[in-house]
Amino acid sequence: MDVPSPGGEVAVKPARSLRARLATVLAALVACVLLANAAWLVLSARQRLRERLETSASLFAALATGPLCSAFDAYFDSGYFKFRQVVRDLLSAAPDVTRVEIVDVEGRVLFDSDQIDESISPARPSARLDPTRLEAARRLEPTTLQSEATGSDTLEIVSPWVEDWGRHRLSVAYHVSYGKLNAGYRRYARATVALTAASILVAALVGLGLASRLTRPLASLTDGAREIAEERFARRLDVRTGDELQTVAEAFNEMAERLEATRAERERLIRELERRNAELERFTYTVSHDLRSPLVTVRGFVDLLDKDFASGQAERVSADLQRIRAATSTMEALLRELLELSRVGRVINPPEQVSLDDLARQAIALLHERLRAAAVRVEVRPGLPVVHGDRIRLLEVLQNLIENAVKFRSGQAEPVIEVGSRPGPDGPVVYVRDNGVGIDPRYHERVFALFERLDPRVEGTGVGLALVKRIVEVHGGQVWVESEGAGKGSAFCFTLPSTR
Amino acid sequence: MGEQESLPVLLVEDNPDHEELIRRAFADRGVRVSISVARHGEEALDYLFRRGIYEDARRSPRPRLILLDLRLPRVDGLEVLSRIKSSAALQAIPTVVLTTSESEHDVARACAEHANSYLVKPVDFARFEDLIVHVDSYWLTLNRQPGDGGGRSRS
């Protein structure tokens, strides 16, 4: 039973297969039972057959003794052939009785069927009985003698003839042969042995078949387990034996299912981790690069100031100082916003039910001065959802998005910002729409990257939208931008899974 | 060749302060160049491929040298580099990456995109000036490129 394993290599055949062991044990058990049964049958049959023979012989003796002796008295001397006929008739009725002797109580043998004379007148045998037989012949009860002494496997029944008036003169000795019985017994024994052997053979074959059927699910279990070991969890076993093996197979399937789920979860986590790792790497790189940039500016202009003084170009001093000041402000803003960004992932205020409508109005109130200065009108559409989340962070999201819309209002004569929501496949989509500069679809992904600034002329550090993305994602939501391109305005949209 | 001629250089730099530092470094060491500035990757590509406002060739003379920052708005510096080096008309122009990034990753990627040189902006301004002088003497003076009679030569 070489099971080719899924990997292609041939499965190692166990040194002692369960199937062979089961078949062997089963066959051995059946053999033991059958052999014991056969032995008992054979041995007891011999005894039973002997007893039956002895009983029937005794019965025969009891019935035949009277007629035999009467016939002996009546015809032996006068009509020998008639007597002979009687003897033959009687003997033919009992095939196991091979010899009949009529003896008298004196120990003389008066007639011996072995010496039947074919002539008309009989010849009297001259033999005399030995003491054992003589004693038997004198008894008034029938006596059974085992004639092992004589060496032949025969039985002798000596039956007395008690005449009507009570005189016991004659006895008849019947010699019963075991020959026929033994022949029958041997046939019986042979048949029994043959039958037993056949039964054992059948039992072995049935055992082998049964063991195969029992072990077939085991083979499929082995296959399945091997596939699992090779991390192929799609395998399910179809064992419908209705017994413990089915239970094992069901447990196996359950295990495979869980392993599959675990692996899926593990792979998801790995992907998540890889994504986070890449993000972190990008973050570190971006930070080191972007913090170095103002440093180059500061140091560069400080060194230039020296030169300015040395060469007496005082008119440059003020401009250079201004650049240094601006660069340090940029650096400070960068550091502050980075700190802010790093907090988003860690410090989460306890989530609560937050009405985005209230939040939008709060954000507008906070930005009141800037909105007034830029002459931007903000409209809050009715129907903004109530969400479950961090109130302060979500306020930052709306504030940043509105601020961003204000920054990129461009030269729009009537800048309008609209905050609203619309139904989406995963719950309501909240949007902040403006009629400002718009964004080329090529940059829709990049706008959310850290320090990404599409227009270097507009002030800012490029952290705002990265912060928005981070907050929305920490809440399990998604954020994206919709814009048909430059000059078409843009809508920043986000979903929050906890949105009701 | 006597009087030094003003060679065209394209500076792709989003930071106006750094632009000023580079201009001063050239000026202070007496190197005469005519610098055109592109503020982001897209503008650099527009300039080089003569699109949009740079359609007129007089506004976009072929630079003898491109100084390229890597982190740029819109189109990233590496993307600009890749487009330059895959263009038959532009690939011969020496393109020197001049950035604040010291990241191994950036160096490797810039080399893979066939940058002619990778230079990190020094914080110290004297060293910044030295760097600019070296760039000038190597790429604008010693280096020859096809299609011109050589750069300026110092006797």
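What counts, and where the lines are drawn
- Residues numbered from 1 in each chain as written.
- Chains lettered and ligands numbered in written order.
- Predicted model: local features only at pLDDT ≥ 70, side-chain atom pairs only at ≥ 80, totals over all residues.
- Heavy atoms only, no water.
- Helix = DSSP H or I, 4+ residues; strand = E, 2+ residues; numbered from the N terminus.
- Buried < 20%, exposed > 50% of the residue type's maximum accessible area, 1.4 Å probe, protein only.
- Contact = heavy atoms within 4.5 Å.
- Areas by Shrake-Rupley, 256 points an atom, 1.4 Å probe, with all protein chains shown as cover.
- Pairing = 2+ DSSP bridges.
- Axes fitted to C-alpha atoms, helices over the stretch in contact; angles between N-to-C directions.
- Patch = residues over 30% accessible without salt bridge, like charges linked within 9 Å, V, L, I, M, F, W, Y side chains within 5 Å.
- Salt bridge = Lys/Arg side-chain N within 4 Å of Asp/Glu carboxyl O.
- Phe/Tyr/Trp six-rings, centres within 6.5 Å; stacked < 30°, edge-to-face > 60°.
- Lys NZ or Arg CZ within 6 Å of the ring centre and 35° of its normal.
- Parallel < 35°, antiparallel > 145°, perpendicular 65-115°, else oblique.
- Nonpolar A, V, L, I, M, F, W, Y, C, P; charged D, E, K, R; others polar.
- Buried area = accessible area lost by both parts, 1.4 Å probe.
- Polar contact = N/O pair within 3.5 Å; in protein donor to acceptor, adjacent residues only side chain to side chain.
- pLDDT = per-residue confidence, 0-100.
- Expected span 1.5 Å × (residues − 1).
- Core = buried A, V, L, I, M, F, W, Y, C linked by side-chain atoms within 4.5 Å.
- Arc of directions from axis to C-beta.

1. A look at the overall build of chain A
Next up, step 1: Looking only at helices and strands, one finds ten helices and twelve strands in chain A.
Next up, step 2: The proportion of buried residues among the 500 residues of chain A is 41%.
Next up, step 3: Excluding contacts between residues fewer than 6 apart, the proportion of contacts in chain A whose partners are at least 24 apart in sequence is 65%.
Next up, step 4: For chain A, the exposed surface amounts to about 28100 Å²; the carbon and sulfur share of it is 57%.

2. Some words on the sheet that holds strand 3 (residues 65-68) of chain B
Residues and elements named next belong to chain B.
Next up, step 1: The strand order 2-1-3-4-5 describes an open sheet built from five strands, whose pairing is parallel. Two strands in the sheet have a free side with no partner beyond their single neighbour: strand 2 (33-38) and strand 5 (117-120). Each strand of the sheet is rotated relative to its neighbour by a mean of 25°, with strand direction disregarded.
Next up, step 2: Of the pairings in the sheet, the one linking strand 3 to strand 4 (residues 95-99) comprises three bridges and is parallel in character. Within strand 4, the position partnered with L67 by the bridge is V96.
Next up, step 3: Contacts between helix 2 (residues 41-48) and the sheet are confined to strand 1 (7-12), strand 2 and strand 3, with strand 2 contributing the most and set at about 125° to the helix.

3. What about a nonpolar patch on the surface?
Residue and element names in this part refer to chain A.
Next up, step 1: The grouping of L18, L22, L26, L210 and L214 at the surface amounts to a nonpolar patch, some 370 Å² of accessible area in total.
Next up, step 2: Within the residue set of the nonpolar patch, elements represented by two or more residues are helix 1 (18-75) and helix 4 (179-229).
Next up, step 3: Among the elements that take part in the nonpolar patch, helix 1 stands out by supplying three residues, more than any other.
Next up, step 4: Along the chain, L210 falls in helix 4.

4. A look at the packing of aromatic side chains
Next up, step 1: For the structure on display, the rule yields twelve aromatic pairs over all chains.
Next up, step 2: Measuring from ring centre to ring centre gives 4.9 Å for Y138 of chain B and W139 of chain B, while their planes differ by 85°; the resulting arrangement is edge-to-face.
Next up, step 3: Three or more aromatic residues joined by ring pairs make a cluster, and in this case those are F72, F76, Y80, F83 and F111 of chain A.
Next up, step 4: It is K82 of chain A that lies over the ring of Y75 of chain A; its NZ or CZ is 5.4 Å from the centre.
Next up, step 5: Between the NZ or CZ atom of R433 of chain A and the centre of the ring of Y431 of chain A, over which it lies, the distance is 4.5 Å.

5. What to know about the pattern of salt bridges
Residue and element names in this part refer to chain A.
Next up, step 1: Scanning all chains against the criterion turns up 49 salt bridges over all chains.
Next up, step 2: For the salt bridge of R433 with E418, the shortest nitrogen-to-oxygen distance reads 3.6 Å. Taken together, the residues R433 in strand 10 (residues 429-434) and E418 in strand 9 (residues 416-422) connect sequence positions 15 residues apart.
Next up, step 3: In the salt-bridge network here, residues are joined through shared partners; they are R99, E101, D112, R133 and E156.

6. Notes on unusual backbone geometry
Next up, step 1: Even without a glycine there, the phi angle at A375 of chain A is positive, about 55°.
Next up, step 2: If you trace the backbone, A375 of chain A turns up in the loop between helix 8 (368-374) and strand 7 (377-380).
Next up, step 3: With a relative accessible area of 55%, A375 of chain A lands in the exposed category.
Next up, step 4: Positive phi, normally seen in glycine, also occurs at R50 of chain B, with a value near 55°.
Next up, step 5: Along the polypeptide, R50 of chain B turns up in the loop between helix 2 and strand 3.

7. Side note on the packing of helix 5 (residues 244-311) of chain A against helix 5 (residues 125-142) of chain B
Pairs of packed helices are described in terms of their axes, by the angle between the two and the distance that separates them.
Next up, step 1: The geometry of helix 5 of chain A relative to helix 5 of chain B is characterised by a closest axis approach of 8 Å and an angle of 95° between their N-to-C directions. Considering the angle they form, helix 5 of chain A stands roughly perpendicular to helix 5 of chain B. Packed against helix 5 of chain A, whose contacting residues are V296, G300, D303, L304 and K307 of chain A, the element helix 5 of chain B presents F125, A126, F128 and E129 of chain B at the interface.
Next up, step 2: Residues of the contact of helix 5 of chain A with helix 5 of chain B, tallied by class, amount to five nonpolar, one polar and three charged.

8. Quick look at the interface of chain B and chain A
Many authors give the size of an interface as the accessible area that is lost as the parts come together.
Next up, step 1: Across the contact, 34 residues belong to chain B and 28 residues belong to chain A.
Next up, step 2: Between chain B and chain A lies a buried interface of about 2600 Å² when both sides are counted; carbon and sulfur atoms form 50% of it.
Next up, step 3: The largest share of the area that chain B buries against chain A comes from R24, R71 and R74 of chain B, three residues that together contribute 30% of it.
Next up, step 4: Remark: the boundary between chain B and chain A carries 13 residue pairs in polar contact (both at pLDDT 80 or more).
Next up, step 5: Listing elements by their share of the side of chain B that touches chain A, those giving two or more residues are helix 1 (16-28) and helix 5 of chain B.
Next up, step 6: Ranked by residues supplied to the side of chain B that touches chain A, first place goes to helix 1 of chain B with seven residues.
Next up, step 7: Counted by class, the side of chain B that touches chain A contains eleven nonpolar, seven polar and 16 charged residues.

9. Here we look at the side chain of H168 of chain A
All names here are of chain A.
Next up, step 1: Its location among the elements puts H168 in strand 5 (residues 168-177).
Next up, step 2: There is a polar contact of 3.3 Å between the side chain of H168 and the backbone oxygen of L170.
Next up, step 3: Polar contacts involving the side chain of H168 include one to the side chain of S171, which spans 3.0 Å.
Next up, step 4: Setting aside its immediate chain neighbours within four residues, H168 contacts V105, A137, R138, R139, L140, P160 and W161.

10. Digging into the sheet that holds strand 4 (residues 154-162) of chain A
Residues and elements named next belong to chain A.
Next up, step 1: What the five strands build is an open sheet, ordered 2-1-5-4-3; its pairing is antiparallel. Among the strands making up the open sheet, the edge pair consists of strand 2 (109-112) and strand 3 (143-146). Across the sheet, the mean angle separating the axes of adjacent strands is 20° when strand polarity is ignored.
Next up, step 2: As defined by bridge partners, strand 4 adjoins strand 5 across nine bridges and the pair is classed as antiparallel. Counted as the bridge partner of S159 is V172 from strand 5.

11. Points about the confidence of the model for chain A
Residue and element names in this part refer to chain A.
Next up, step 1: Overall, the prediction assigns chain A a mean pLDDT of 82, with 91% of residues at 70 or greater.
Next up, step 2: Per-element averaging of pLDDT across chain A places strand 3 at the bottom with 82 and strand 10 at the top with 92.
Next up, step 3: Every residue in residues 1-10 scores below 50 in pLDDT, and together they form 18 contacts with partners more than four places removed in sequence or on other chains.

12. So, helix 1 of chain B
All names here are of chain B.
Next up, step 1: Across its 13 residues, helix 1 extends 18 Å between first and last C-alpha, which sits within 8% of the 18 Å expected from 1.5 Å per residue.
Next up, step 2: Listed in full, the buried residues belonging to helix 1 are D17, H18, E19, L21, I22, R24, A25 and F26.
Next up, step 3: For helix 1, the capping residue at the N-terminal end is N15, with a side-chain oxygen 2.9 Å from the backbone nitrogen of D17.
Next up, step 4: Phi turns positive, to about 70°, at G30, one or two residues after helix 1.

13. Notes on the nonpolar core
Residues and elements named next belong to chain A.
Next up, step 1: I402 and F494 are the most contacted members of the largest nonpolar core, which has 73 residues in total.
Next up, step 2: Considering each element in turn, this core owes the most residues, eight residues, to helix 9 (residues 391-407).
Next up, step 3: What I402 contacts, discounting residues up to four positions off in sequence, is A363, I364, L367, L371, I417, V419 and V432.

14. Regarding helix 7 (residues 356-366) of chain A
Next up, step 1: The complete set of buried residues in helix 7 of chain A reads L356, L359, A360, A363 and I364 of chain A. Here the buried residues of helix 7 of chain A occupy an arc of 140° about the axis, which is enough to place them on one side.

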